[in-house]
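Observations on the three-dimensional arrangement
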Amino acid sequence: MRQSYLFDSIKSQAAIKPAFNITVVSDGEGPLDLYCNCADEGGDQSQHGLLIRPGDYAGCFHGEGQSTAGDPHFVCSVRNPGEREGPSVAFELQVRIYSMLYEDLYARCCQAPGACAPLVSASPGGVVDDCAIEGWSCNGAGQVLIMNATGFGMECDFPADVLKEFNTLEGLHLANNNLTGNFDGIATELASGLQGLRALTLSGNPGITGELAQASEDGVCLLVKGNLTRLDVSGAGLTGTLPACLFQEDSSALVELYAAHNRLTGELPDSFANSTKLQHLDLGHNELGGPVPESLAYVRALREVDLAFNEFNQLPDFNSETTPNLATLIMSGNELQGTVPQGLAEHKSLQVLDLGGNALTALPQLWLDPGAAAAAVAATTSPLMYLQLSGNKLTGPFPAGLALYPDLVFLFLEGNSLQGTLPDLPGGGFGSLHVLDASHNQLSGNLTDSWSQIGMFTEQPPFEGVENVFNMSYNQLSGDVPAWLSAASVNSLAWNISIVLLGNAFDNACAPDFAGMPEVCPPADTGEESGEPEASQSAGGPSTSSAAIAGTVVGVLAALGLAAGVLFYVKRRRQRDARVTRLGSGAKFKRFEEGMDDFAHPPGHVELSPQFADPFGPPGSERQSFHYQSPRKL
């Protein structure tokens, strides 16, 4: 006589359009059969069940031949096919529940060859185990919290009607696909269904287009009014002006906004006055212009700002009192004029400052005068590590006051009109400096021995992959090249260093001490008159042009979360003023330029912060399983 055990109501508590995987696991003492019926709540449960083989999936879906009057559920019977006198078998019934919404999503958006491969690989038996997908996570009830379909190859109109059914989503990441649609329409629909959404990433979808609605109860304004703290629409096709609602304290929860590489126009709205949340703002590579609003310099939570490659013409005075947390400011490739604001020179949290490729004419006194710098507490406590001032219209002397900034590692002054005698450095000056490019200026005088004590000559580079560089080429320096720059001295160092002194008036540049250093003494067959010396090998390691330097630095700063500041050096080489004669780009620069996409998200865009780690739950959370343990053996 056979024995059986009945489970009369196996159903989903949370899944939308649920599908079930039901298996029986015995202790190995004997075989068991599993029979299941699918019925709606209150429906017919009297029909014989279907035998579920090991590895099979049980179908109990809306629209699959079943009534949709109630919640679908299973009635299952576990049977011991052996005789009564045979051995009893202990067992456990395991039930896993999935959503069939993925069938809709796959049919609509995943028809391109190779598209949505992670969904396919997480679909044994044709049912998606969504919480087994890398980068996705669920709550304890088996509901999806984080959906990360970045780079899935999806091609379709934005499936907002499907996605908003996942009403527990806190993070939705769909970057680098081929989704299309009007952004404000997408935002309105997501706001109506995903009220707990905190992070939305749509970057790298150029087919998502349209102007941003200005009304406070529509489109993006409606979306950011809820719980959304992070919005990334970089590399989409957005046009028009930015609505004030994005930055107003009472209408936006945004902490991070990334909208680089669009076609946004007009002025940045002056609506930051009461903002207490905004920390990261990236609007680079648009067509925004006019003055940067004064109110932006009063957002105390602000940490990183990238407004590069727009048409801004005036910069407010970001200072330590009003922006005490500001670490990165990128303003390269704009139309800024006049003097660099004093507040930036005195800032006590600023680490990366990129003002390259503007029309600035003067530097703050604190950077020019070592006496003023020494007397200023700000100079001796400043964390400034990276300063980019190349490609402006700066005049005046070499900024010797910067020598007293204790953490300064990278200093770019190339392509300005700095003049006057190169100064003696104060004791310990530039003690941390490892990359200096002051080429293409009008500096004169001698290289004194005080320069032999800067960081690049006394210690290893601070970051792996960065080569020490001393580039004073194409100035008006004269006298003798000092012995501490000779091939023997440079080669005696335990690290590589590139010395670039071409285009000056040194008396002994081609003396035997500098043999084998073609960027000190050019080979006879190239000549200096061309203004474009070939990339070459110099003592202590391979030659590094100023563009190559920047390419190297990108990789290092990207790892530190500071990469955005150095892209100017690569970009500007393609756009720079014709009045500046540039160095040729060697193989090393080409290699790093080709590798820019390693740091790009989407291509051409570099995040201000380190690679995004979703704050809304760790990936890999397991789907909840229901375990029905039998009270007796069969």
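Overview of the structure. Note that this is a predicted model, so its numbers are computed, not measured. (Residues numbered from 1 in each chain as written. Predicted model: local features only at pLDDT ≥ 70, side-chain atom pairs only at ≥ 80, totals over all residues. Heavy atoms only, no water.)

**Quick notes on the sheet that holds strand E33 (residues 476–479)**
Across the sheet, which stays open at both edges, the 5 strands sit in the order E27-E29-E31-E33-E35 with parallel pairing between neighbours. With one partner strand each, in any of the chains shown, strand E27 (395–396) and strand E35 (505–506) form the two edges of the open sheet. Note: E27 against strand E29 (residues 417–421), 2 bridges, orientation parallel. Within E29, the residue paired with Gly 396 across the bridge is Leu 418. (Pairing = 2+ DSSP bridges. Helix = DSSP H or I, 4+ residues; strand = E, 2+ residues; numbered from the N terminus.)

**Brief notes about the pattern of salt bridges**
Inspection of every chain in the model, using the stated rule, returns 5 salt bridges. In this structure, Arg 198 engages Glu 170 in a salt bridge whose closest nitrogen and oxygen atoms are separated by 3.7 Å. Remark: Glu 170 occurs in the loop between helix H3 (160–163) and strand E10 (171–173) and Arg 198 occurs in the loop between helix H4 (183–193) and strand E12 (199–201); sequence separation between them is 28 residues. By relative accessible area, which is 33% here, Arg 198 ends up partly exposed. Among the residues examined, Glu 170 registers a relative accessible area of 23% and is labelled partly exposed. Across the pair Lys 277 and Glu 249 runs a salt bridge, and its minimum N-O distance is 3.0 Å. Linking Lys 277 in the loop between strand E17 (263–267) and strand E18 (280–282) with Glu 249 in the loop between strand E15 (237–240) and strand E16 (256–258), this pair joins segments that are 28 residues apart in sequence. (Salt bridge = Lys/Arg side-chain N within 4 Å of Asp/Glu carboxyl O. Buried < 20%, exposed > 50% of the residue type's maximum accessible area, 1.4 Å probe, protein only.)

**Digging into a negative patch on the surface**
Residues Asp 270, Glu 294, Asp 317 and Glu 346 make up a contiguous surface patch of negative charge. For Glu 346, a relative accessible area of 36% corresponds to the partly exposed category. (Patch = residues over 30% accessible without salt bridge, like charges linked within 9 Å, V, L, I, M, F, W, Y side chains within 5 Å. Areas by Shrake-Rupley, 256 points an atom, 1.4 Å probe, with all protein chains shown as cover. Lys, Arg positive; Asp, Glu negative; His and termini not counted. Charge placed at Lys NZ, Arg CZ, Asp CG, Glu CD.)

**Comments concerning the sheet that holds E15**
In a beta sheet, neighbouring strands are held together by backbone hydrogen bonds and run either parallel or antiparallel to one another. Reading across the sheet, the 7 strands line up as E9-E11-E13-E15-E17-E19-E21 and stay open at both edges, with parallel pairing between neighbours. What marks the edges here is a single partner per strand, and that holds for strand E9 (155–157) and strand E21 (311–314). For this sheet the average axis-to-axis angle between neighbouring strands, irrespective of direction, equals 15°. Note that E17 and strand E19 (residues 287–291) share 3 bridges and pair parallel. (Axes fitted to C-alpha atoms, helices over the stretch in contact; angles between N-to-C directions.)

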